[in-house]
Amino acid sequence: MNTDPIIRYTALPPEVTAFSTTRHGGVSTGSYASLNCTPYTGDEADNVRRNQEWLVQALPHRPQELVIPWQTHGTQALVIDDSYLQADGPTRHERLQGIDALITRLPRVCLCISTADCIPVLLYDARRRAAAAVHAGWRGTVNRIARQTLERMQALYGTRGEDVWAVIGPGISLAAFEVGEEVYEAFRTAGFRMDYIASWHNDTHKHHIDLPAANVLQLLDFGVPDRQITQCGICTYTRHTDFFSARRLGIRSGRMLTGIMMKSDE
């Protein structure tokens, strides 16, 4: 089943643009085919540049910049502020290394997370006009990166759960995410509700973990109302012809971008 090149999330307040890309509509080839907008996985640099330019033109409001971190499955967050934007290219590149969450209060700065089975989480504090994009693979999820990012926003801006809107973008589903016992134990010992986020498959004698649900739990625990959480419900592993899946294609393959941007006040 084909999809449009971009999924737009319209449940967020109107002053925010939020989206996920698909595999369709770009110029990359092979395991990067075709709309790979991420420069860190081995794709041809010119193809990535052309795909990114298509993306910024396709958005309803052209961003000043796409900010795309080099993710490492950690929990480090970077605040994108005026000092970042005023820095030179090498300095900005250095600051983005080892970053798995981005936070900003600046309009027209598009915070992007690259994924291919991991869970992208977008956050928006409508009262304080602050946005975040979070990369939540299983390691980030078990270390509660979504909750940590909200707590960072709380420390910086006074963010409260009741003011937050969230999007859980495309990622691997419970049915597809088979894990070893060490991963199951990591979630159990971290205090997750295993009856809610895990299931046992008798045929394979393996546990499966529901990463979207584990991230939703973190949002709810912070006080984000369930009605303000949007789950797209798309499994990248199952729909690998429409969405990049590292489990299907390997590490040297394309990535989707899931991004959030506040519109200009003008």
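In this report, the structure presented in the accompanying data block is examined. (Residues numbered from 1 in each chain as written. Predicted model: local features only at pLDDT ≥ 70, side-chain atom pairs only at ≥ 80, totals over all residues. Heavy atoms only, no water.)

## What about the packing of aromatic side chains?
Thought 1: Inspection of every chain in the model, using the stated rule, returns 3 aromatic pairs.
Thought 2: Consider the rings of Trp138 and Phe187, whose centres lie 6.4 Å apart with planes at 45 degrees: the pair is tilted. Of the two residues, Trp138 is situated in helix α4 (residues 138-142) and Phe187 in helix α6 (residues 181-189); the sequence distance between them amounts to 49 residues.
Thought 3: Ring centres of Phe187 and Phe192 lie 5.2 Å apart, and the angle between their planes is 65 degrees; this geometry places the pair in the edge-to-face category.
Thought 4: For Phe192, a relative accessible area of 8% translates into the label buried.
Thought 5: Taken together, Trp138, Phe187 and Phe192 form an aromatic cluster joined through their ring pairs.
Thought 6: Geometry around Tyr84 places Arg92 over its ring, the cationic atom sitting 6.0 Å from the centre. (Phe/Tyr/Trp six-rings, centres within 6.5 Å; stacked < 30°, edge-to-face > 60°. Helix = DSSP H or I, 4+ residues; strand = E, 2+ residues; numbered from the N terminus. Buried < 20%, exposed > 50% of the residue type's maximum accessible area, 1.4 Å probe, protein only. Lys NZ or Arg CZ within 6 Å of the ring centre and 35° of its normal.)

## Some thoughts on the nonpolar core
Thought 1: By size, the foremost hydrophobic cluster in this structure holds 42 residues, and its most contacted members are Leu123, Phe187, Ile197, Ile209 and Leu219.
Thought 2: For this core, the element with the most residues is helix α8 (residues 211-222), which contributes 7 residues.
Thought 3: Residues contacting Ile209, with those up to four places away along its chain left out, are Ser173, Leu174, Phe177, Val179, Tyr184, Phe187, Met194, Ile197 and Ala198.
Thought 4: Membership of the second largest hydrophobic core comes to 30 residues, among which are Tyr9, Val67, Tyr84 and Val167. (Core = buried A, V, L, I, M, F, W, Y, C linked by side-chain atoms within 4.5 Å. Contact = heavy atoms within 4.5 Å.)

## Remarks on the side chain of Arg23
Thought 1: Its location among the elements puts Arg23 in the loop between β2 (16-21) and α1 (45-58).
Thought 2: One buried charge, Arg23, has no salt-bridge partner; the nearest side chain with opposite charge is Asp242, at 7.8 Å.
Thought 3: At 2.8 Å, the side chain of Arg23 and the backbone oxygen of Ala33 are in polar contact.
Thought 4: Those residues within four positions of Arg23 in sequence are excluded, and the remaining contacts are Gly30, Ser31, Ala33, Ser34, Leu35, His240, Thr241, Asp242, Phe243, Phe244 and Leu249. (Lys, Arg positive; Asp, Glu negative; His and termini not counted. Salt bridge = Lys/Arg side-chain N within 4 Å of Asp/Glu carboxyl O. Polar contact = N/O pair within 3.5 Å; in protein donor to acceptor, adjacent residues only side chain to side chain.)

## Points about the packing of helix α5 (residues 145-157) against α8
Thought 1: Where α5 contacts α8, the two axes come as close as 8 Å, and the packing angle between them is 30 degrees. As summarised for this structure, α5 and α8 are arranged roughly parallel, according to the angle between their axes. For the pair α5 and α8, contact is made by Ile145, Ala146, Arg147, Leu150, Glu151 and Gln154 and by Asn215, Gln218, Leu219, Asp221 and Phe222, respectively. (Axes fitted to C-alpha atoms, helices over the stretch in contact; angles between N-to-C directions. Parallel < 35°, antiparallel > 145°, perpendicular 65-115°, else oblique.)

## Some points on α8
Thought 1: Its 12 residues give α8 an end-to-end C-alpha distance of 17 Å, which sits within 8% of 16 Å, the value for a rise of 1.5 Å per residue.
Thought 2: Across the 12 residues of α8, 10 count as buried, placing the element largely inside the fold.
Thought 3: For α8, the complete set of buried residues consists of Leu211, Pro212, Ala213, Ala214, Asn215, Val216, Leu217, Gln218, Leu219 and Phe222.
Thought 4: Of the residues that open α8, the one with a side-chain oxygen 3.0 Å from the backbone nitrogen of Ala213 is Asp210. (Expected span 1.5 Å × (residues − 1).)

These figures come from the coordinates and say nothing about function on their own.
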